[in-house]
Amino acid sequence: MSKTESKKRTPFVHIVKRDPASLTWYHKLLVRGVAIVAALLVCGVLITLLTGKNPIEVYGSMIDGVFGSSRRVWNMLQGVAMLLCVSLAVTPAFKMKFWNIGAEGQVLISGLACVATMMFLGDKMPLWLLLTVMTVVSILSGMIWALLPAVFKAYWNTNETLFTLMMNYVATQLVAYFLKVFVKDGSGVLSPMDQYGLPVIGGQAYLLNIILVALITVVVYIYLKYSKQGYEISVVGESENTARYIGINVKKVIIRTMLVSGAICGIAGLLLVGGTNHTISTTTVGGRGFTAIMVSWLAKFNPLYMILTSALVIFLEKGAQQVSTDFRISSSISDIVTGIILLFIIGCEFFLQYRVVIRKNRKENA
Amino acid sequence: MKKILALLLAALMVFGLAACGGAEDKNTMSESPLPATELVVDYEVKDDFKIGFICLHDEKSTYDKNFLDAADEMIKAVGLTTDQYIIKINIPEGKECYEAAADLVDQGCDIIFANSFGHEDFMLQAAKEFPEVQFCHATGYKAHLENVANYHNAFASIYEGRYLAGIAAGLKLNEMIKDGKITAEQAKMGYVGAFTYAEVISGYSSFYLGAKSVCPTVTMDVQFTGSWYDAIEEQNAAEALIARDCVLISQHADSMGAPGACEAAKVPNVSYNGATYESCPETFIVSSRINWAPYFNYIVKCVNTGAKIDTDWCGGIAEGSVVLTGVNEAVAAEGTVEAIKNAIAGLKDGTVKVFNTANFTVEGKAVTGDAVVNGIFEESKSQSAPYFDLRIDGITLLNEKF
C-alpha cells in the first residue's frame, strides 16, 4: 500500500458490495421477512398516528378486501394475471438493458386496434374469424409500437427510454381521439360490446385470461433461460461489445427482442379489451405499464418470481381500496402504506447486495 | 439566529393572514331564497337494509363532494348504522364500476347508486345480472330505453335553479344600465361551458332566459372548454369573454378558473355547484346546485316500503332537489332576493315556465315539435336527464369544437 492511501481517512460508515456466496438462502429469507414485518409495523404506527384507527383492523380489512369473497379472489387473480402479463412483456427488453418504459402505450394501442376490429368487423364475419382477426391485429399493433423505438435504437442509437415514454402519450391521445370519433353521445364512454368478447370458459369471466397468462409465464421463462435467443439477450445486456465479439448481431437481437416484448403487450391488450372490458378508455391499462417495471425489477427479471411480486403489488392495491372504503379514509393513506411497504422491500434488496461497514479503531486500521 | 428570525417572520405572516381574514369577515350574504330543506323520514328502515354508493372521485372533486355530502345527510337523517351503508370512492368509468357494483351485491346491498355519467353501461350490466337488487344512476338516460325493471335514472330540474340565478344576473345588468355604466344594448353576458351536450345547453339557455325575463335586451356569448375540470382553460375562457365586453360571467364547469378570473377583473359572477363566495367576495352574486339528499331519501324509502322506484326521477324545487346559496348583497342588485322568491312561487304554481316558447325563438321562428306541449318545451319529462339542446336566438357560441 502506498503512503498516501494509508493516510487517507476512512469514512465512519462506508458501503461494501457483498460476496454473493456469503449469504445462505435462509439468511436472505430472514432479511426479507424482517423487512416486511418492519414495514407492517411502521405502517401500523403511522396509521394509528394519522387516523386513530386500530392497525390490526386495518390489516384485517386489507385481507378481507382481497380474499373476502370468491368474487374478490377472482378479481385478485385477474389483477395479478394482467399485471404479470405486462411485466412479462417488459422483461426480455430489460434483460437486454433496453429500458422499455412504453408498455403502457404498447398495450393501449393494441387494445385500440382490438376495439376497432370489434366495432367495424363485429357484424361482418363469424365469431371465430373475428376472434382470430382481433388476436392478429392486437399482437401486430403492439409489435409495431415496440418496433419503432427498437429500430431507432438499433440503427441510430436514439435514447429508448425517452422514445418509448413518448410513444405512451401518442397512444393515449390516439385513444382519446378515436373515442371522440366512435362515441356519438358525448359521454366519452364506449358501450361495452359484450357479444364480441373472447369466449368465457368454466363460467368464470377471468379464467381464460388467467390460464393464458400462466402459459405465457412458462414460455417466457423457458425462452429466457434455455433458448439460444434468451442467451443472446443476456449477453447483449451484459456487454454489447462482448456480444459483437462473439458474433452476435446486436441490431438484430434488439429488434427481435422488442418485437417479442411488443407481441406480449399485444396479448395483454387483447386480454384486457377483447377478454374482459370489451371497450376501451384512456385509462384501460391503468398504469400497469409502469407498475410492471417495478414488478419485473423486484423479481430480478425472473418470470417465476414475478408471480410473487405482482401478487404482492395487487394485494396491496386491492387491500388499500378496501381500507379506504371500510374506514372512509382518503385513498392517499392507502397509497402511503403501499409506498412504505415497497420501499422496505426494495431497501432490503439493497442490504442483501451491499453491507454497511462501520470504521473500526484507528490503530487496528493501520 | 437566522432560523429564529425566519420562524418569527412565519408566525407574523400567519397572524397577518388571520387578521386579514377577520377584517373581511363582515358577511354580506343574505339568507338563501331557496335553501336545502330538512329531509322527512316517515318510514321504518329494516334492520337488514343496506345501501351502496359508487363515486367517480373522492371529496377533492366538487362534483363528488356534492354527492357525498348528500349521502351523509341522508344517512344521518334516516339514522343508518355504519353497517347499513358502503361508500366506494375513486371508481373509474369502466369494468371497475361493474365489479364494484357486484361486490356491493355480494355484501348484501339492497340498492346501489352510482354518480357518474360514464358509469351507466356498467351499472346496467350489473342490473341485468342481479334483478333482485335496485340500481340507481344519476345523470344517465338509458333507463327508459332499456326497460330493465330494477334500473333507474335520476336528475334534477336544475334548469329551474339556473333560471333563478339568471334573474339575479338580469337584475344586475339592469342596475348597470340604470347607473349609466353600460347602455341597454351593451348588456352582454359571458358563459363558460364544458361541452356542447344537452346538459350544458339546457343550463346556459335557462340561465339566459332567466336574465332575459327581467332584462329584455340581454345577449350572451358562450365559450366551451372541452373539459369538466380545467382551471386554466376555464380562466382563459372567462378572460376572453371579459375581453369581448361581457359585463357578467357565469359558468358550467367545476373549477375555480372562471370565478377567479372574474374576481381579478372585478366582473360579477353567477356561480354553480357550490358557493365561491369565500374566494370571490367582491364579484359573487349567487350560485345554484343540485341537492341529491331528497333523491337518496326517496330511494331508501321505496326499498323499505316496497314501493316501485321511478324509472326516471327528476327532482325539482318542490322536492328540494334544486337549491340556491344566499345572495351576496354587496354585489347583487337591490331587490334580487324578492325577485327570486317571486319567481320561485311562479315556478311552484306553474305560472312561470322556464322554456316557454313565447319567450324565445330559434333563427327568428317560434319553436314547435314533439317536446313542445301547449307552448311549453317540456324539459326532463320523457327522461330525467336534460335534452333541451336548441340554439336559441340571442346566444352566440364562440366555439363549437367540443
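Just so you know, these numbers come straight off a predicted model, no measurement behind them.

What counts and how
- Residues numbered from 1 in each chain as written.
- Chains lettered and ligands numbered in written order.
- Predicted model: local features only at pLDDT ≥ 70, side-chain atom pairs only at ≥ 80, totals over all residues.
- Helix = DSSP H or I, 4+ residues; strand = E, 2+ residues; numbered from the N terminus.
- Rg over C-alpha atoms; globule rule 2.2 N^0.38 Å.
- Buried ≥ 20, exposed ≤ 12 C-beta atoms within 10 Å, placed from the backbone.
- Contact = placed C-beta atoms within 7 Å.
- Pairing = 2+ DSSP bridges.
- Axes fitted to C-alpha atoms, helices over the stretch in contact; angles between N-to-C directions.
- Nonpolar A, V, L, I, M, F, W, Y, C, P; charged D, E, K, R; others polar.
- Parallel < 35°, antiparallel > 145°, perpendicular 65-115°, else oblique.
- Left-handed = near helix turned anticlockwise from the far one by under 90°.
- Expected span 1.5 Å × (residues − 1).
- Arc of directions from axis to C-beta.
- Domains from an automatic or database assignment.

## Points about the overall build of chain B
Along chain B, the regular secondary structure elements total 11 helices and 15 strands. Relative to the 2.2 N^0.38 estimate, which gives 21 Å for 402 residues, the radius of gyration of chain B is 22 Å and therefore close to what a compact globule would have. Its C-alpha atoms give chain B principal-axis dimensions of roughly 75 × 65 × 40 Å. Counting across all 402 residues of chain B, residues that qualify as buried make up 52%. Summarising the internal contacts of chain B: among those between residues at least 6 apart in sequence, 70% fall at separations of at least 24.

## Describing the environment of A:Val313
Residue and element names in this part refer to chain A. The topology assignment puts valine 313 in helix 13 (residues 303-327). With 24 C-beta atoms counted inside 10 Å, the residue valine 313 sits in the buried group. With 230 residues separating them in the primary sequence, valine 313 and leucine 83 have C-alpha atoms 8.9 Å apart. Sequence-distant contacts of valine 313, that is, excluding residues within four places in its chain, are made with Leu83, Thr291 and Val295.

## Concerning the sheet that holds strand 9 (residues 269-272) of chain B
In sheet architecture, strand pairing relies on hydrogen bonds along the backbone and comes in two forms, parallel and antiparallel. Residue and element names in this part refer to chain B. Taking strand neighbours across the sheet as the criterion, the seven strands line up as 12-10-9-8-6-7-15 in an open arrangement whose pairing is mixed. With one partner strand each, in any of the chains shown, strand 12 (322-324) and strand 15 (395-397) form the two edges of the open sheet. Neighbour-to-neighbour, the strand axes of this sheet turn through a mean angle of 20 degrees, independent of strand direction. When strand 8 (residues 248-252) meets strand 9, the two strands line up parallel, connected through two bridges. In the strand pairing of strand 9, serine 250 is matched with valine 270. Most of the contacts of helix 9 (residues 257-265) go to strand 9, to which it runs at about 160 degrees, and overall it touches strand 6 (188-193), strand 8, strand 9 and strand 10 (284-290).

## Some points on the interface of chain A and chain B
Listed by partner, the interface residues are 20 residues for chain A and 19 residues for chain B. The set of elements that each furnish at least two residues to the side of chain A that touches chain B consists of helix 4 (70-95), helix 11 (250-277) and helix 13 of chain A. Per element, the largest residue contribution to the side of chain A that touches chain B is three residues, and it comes from helix 4 of chain A. Tallied by class, residues from the side of chain A that touches chain B come to two nonpolar, 15 polar and three charged.

## Focus on the packing of helix 5 (residues 103-121) of chain A against helix 12 (residues 288-298) of chain A
Residue and element names in this part refer to chain A. As a packed pair, helix 5 and helix 12 sit with axes 7 Å apart at the nearest point and diverge in direction by 135 degrees. Looking at the two axes, helix 5 sits oblique to helix 12. For the pair helix 5 and helix 12, the crossing hand works out as right-handed. The residues of helix 12 that touch helix 5, namely those facing Ala103, Glu104 and Val107, are Gly289, Phe290 and Ala292. Residue composition of the contact of helix 5 with helix 12, grouped by class: four nonpolar, one polar and one charged.

## Considering the pairing of strand 4 (residues 134-138) of chain B
Residues and elements named next belong to chain B. The element strand 4 is largely enclosed, with a buried count of five among its five residues. Burial of the side chains of strand 4 extends over both faces: Gln134, Cys136 and Ala138 are buried on one face and Phe135 and His137 on the other. In the sheet, strand 3 (residues 111-114) pairs with strand 4 via four bridges, with the strands oriented parallel. Of the residues in strand 4, the one forming a bridge with phenylalanine 113 is cysteine 136.

## As for helix 3 (residues 95-106) of chain B
Across its 12 residues, helix 3 of chain B extends 17 Å between first and last C-alpha, which sits within 8% of the 16 Å expected from 1.5 Å per residue. Taken across its 12 residues, helix 3 of chain B has 10 buried, putting it largely inside the fold. Among the residues making up helix 3 of chain B, those that are buried are B:Lys95, B:Glu96, B:Cys97, B:Tyr98, B:Glu99, B:Ala100, B:Ala101, B:Ala102, B:Asp103 and B:Leu104. Of the surrounding secondary structure, the elements contacted by the buried residues of helix 3 of chain B are helix 4 and helix 11 of chain A together with strand 1 (51-54), strand 2 (85-88), strand 3 and helix 4 (120-129) of chain B. Two residues or fewer past helix 3 of chain B, B:Gly108 is found with a positive phi of approximately 90 degrees.

## A word on helix 8 (residues 207-226) of chain A
Residues and elements named next belong to chain A. Over its 20 residues, helix 8 runs 28 Å from end to end, which matches the ideal 28 Å to within 8%, given 1.5 Å per residue. All buried positions along helix 8 are accounted for by Asn209, Val213, Ile216, Val220 and Leu224. Projected down its long axis, helix 8 shows its buried positions confined to an angular sector of 60 degrees, all on one face. For helix 8, the exposed residues lying more than 90 degrees away from the buried face are Leu215, Val218, Ile222 and Tyr226. Elements in contact with the buried residues of helix 8: helix 4, helix 9 (228-238), helix 11 and helix 13.

## Notes on the environment of A:Val86
Residues and elements named next belong to chain A. Tracing the backbone shows valine 86 in helix 4. The exposure class assigned to valine 86 is buried, which follows from the 31 C-beta atoms found within 10 Å. Beyond its immediate stretch of four places on either side in the chain, valine 86 contacts Ala103, Val107, Cys265, Ala268, Arg288, Gly289 and Ala292.

## Details of the domain arrangement of chain B
Residues and elements named next belong to chain B. Entries for chain B in the domain assignment read domain 1 (51-157 + 292-315) and domain 2 (158-288 + 323-397). Using C-alpha coordinates to define each centre, domain 1 is positioned 30 Å away from domain 2. At the junction of the two partners, domain 1 supplies 15 residues and domain 2 supplies 11 residues. Broken down by element, the side of domain 1 that touches domain 2 gets its largest block of residues, four residues, from strand 5 (residues 151-156).

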